Amino acid sequence: MDRLLEILEELNPEIDYKNTENLVDGRYLDSLTILSLISEIEEEFDVEVPTVEIIPENFNSVNKIYELIKKPVFIELFFNDKNSKIIIGEYNEKNNKRL
């Protein structure tokens, strides 16, 4: 969390990130700042922020951003057969093996 606060303060030191709960809705963070933040987060924390997660709710507070960083990302691959699927990052339901 401390490193995330440092990154945010490097982007805009005038914002009280610890106490602000409307970073996007209050227009403290604009789209370009969010893109820069995502780039920094991905590099610093060795994560990939999926495009579907880039929504205002995930960037309105430092706590929400931190949850996004720590959130496991699971990818499901479905095949033509409705009973066949592979879940990367979870146990395969069919054979209880970690993928």
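Remember, it's a predicted structure, so these values are computed and weren't measured experimentally. (Residues numbered from 1 in each chain as written. Predicted model: local features only at pLDDT ≥ 70, side-chain atom pairs only at ≥ 80, totals over all residues. Heavy atoms only, no water.)

## Here's the deal with the pattern of salt bridges
Counted according to the given criterion, the structure contains five salt bridges. With a shortest N-O distance of 3.6 Å, glutamate 10 and arginine 3 are connected by a salt bridge. With a relative accessible area of 55%, glutamate 10 lands in the exposed category. In this structure arginine 3 comes out as partly exposed when scored by relative accessible area, which is 25%. Salt bridges linked by common partners bring Arg3, Glu6, Glu10 and Glu44 together as one network. (Salt bridge = Lys/Arg side-chain N within 4 Å of Asp/Glu carboxyl O. Buried < 20%, exposed > 50% of the residue type's maximum accessible area, 1.4 Å probe, protein only.)

## Quick notes on the nonpolar core
In terms of nonpolar packing, the biggest core is built from 19 residues, with Leu4, Leu8, Tyr17, Leu37, Ile41, Phe59 and Ile65 touching the most fellow members. Contributing elements (two or more residues each) for this core: helix H1 (2–11), helix H2 (31–45) and helix H3 (62–70). Apart from the residues within four sequence positions on either side, leucine 4 is in contact with Leu37, Ile41, Phe45, Val62, Ile65, Tyr66 and Ile69. (Core = buried A, V, L, I, M, F, W, Y, C linked by side-chain atoms within 4.5 Å. Helix = DSSP H or I, 4+ residues; strand = E, 2+ residues; numbered from the N terminus. Contact = heavy atoms within 4.5 Å.)

## Points about the environment of leucine 35
Tracing the backbone through its elements, the reader meets leucine 35 in helix H2. Sequence-wise, leucine 35 and isoleucine 54 are 19 residues apart; in three dimensions their C-alpha atoms are separated by 9.2 Å.

## Overview of the side chain of threonine 20
Position of threonine 20 among the secondary structure elements: in the loop between H1 and H2. A polar side-chain atom of threonine 20 sits 2.6 Å from the main-chain carbonyl oxygen of aspartate 16. Discounting residues that sit within four places of it in the chain, threonine 20 has contacts with Ile15, Tyr28, Asn60 and Ser61. (Polar contact = N/O pair within 3.5 Å; in protein donor to acceptor, adjacent residues only side chain to side chain.)

## Let's talk about the confidence of the model for the protein chain
For the protein chain, the mean per-residue pLDDT works out to 80, and 72% of the residues sit at or above 70. Per-element mean pLDDT across the protein chain ranges from 48 in strand E2 (residues 85–88) up to 95 in H1. Considering only residues more than four positions removed or in separate chains, one finds that residues 86–99, a stretch of pLDDT under 50, has 29 contacts. (pLDDT = per-residue confidence, 0-100.)

## Some words on H2
Here H2 is 15 residues long and its end C-alpha atoms lie 21 Å apart, about the 21 Å a rise of 1.5 Å per residue gives. Every buried residue belonging to H2 is among Thr33, Ile34, Leu37, Ile38 and Ile41, and all of these are buried. The arc that holds the buried residues of H2, viewed along the axis, is 140 degrees, so those residues lie on one side. Projecting away from the buried face of H2 at angles above 90 degrees are the exposed residues Leu32, Leu35 and Glu43. Backbone nitrogen of leucine 32 and a side-chain oxygen of the N-cap are separated by 3.3 Å at the start of H2; the cap is aspartate 30. (Expected span 1.5 Å × (residues − 1). Arc of directions from axis to C-beta.)

## What about the packing of H1 against H2?
Interhelical geometry of H1 versus H2 gives an angle of 145 degrees and a closest axis separation of 10 Å. Two packed elements cross with a definite hand, and for H1 against H2 that hand is right-handed. On H2, the residues that touch Arg3, Leu4, Ile7, Leu8 and Leu11 of H1 are Thr33, Ser36, Leu37, Glu40, Ile41, Glu44 and Phe45. Classifying every residue of the contact of H1 with H2 by side-chain character gives seven nonpolar, two polar and three charged. (Axes fitted to C-alpha atoms, helices over the stretch in contact; angles between N-to-C directions. Left-handed = near helix turned anticlockwise from the far one by under 90°. Nonpolar A, V, L, I, M, F, W, Y, C, P; charged D, E, K, R; others polar.)

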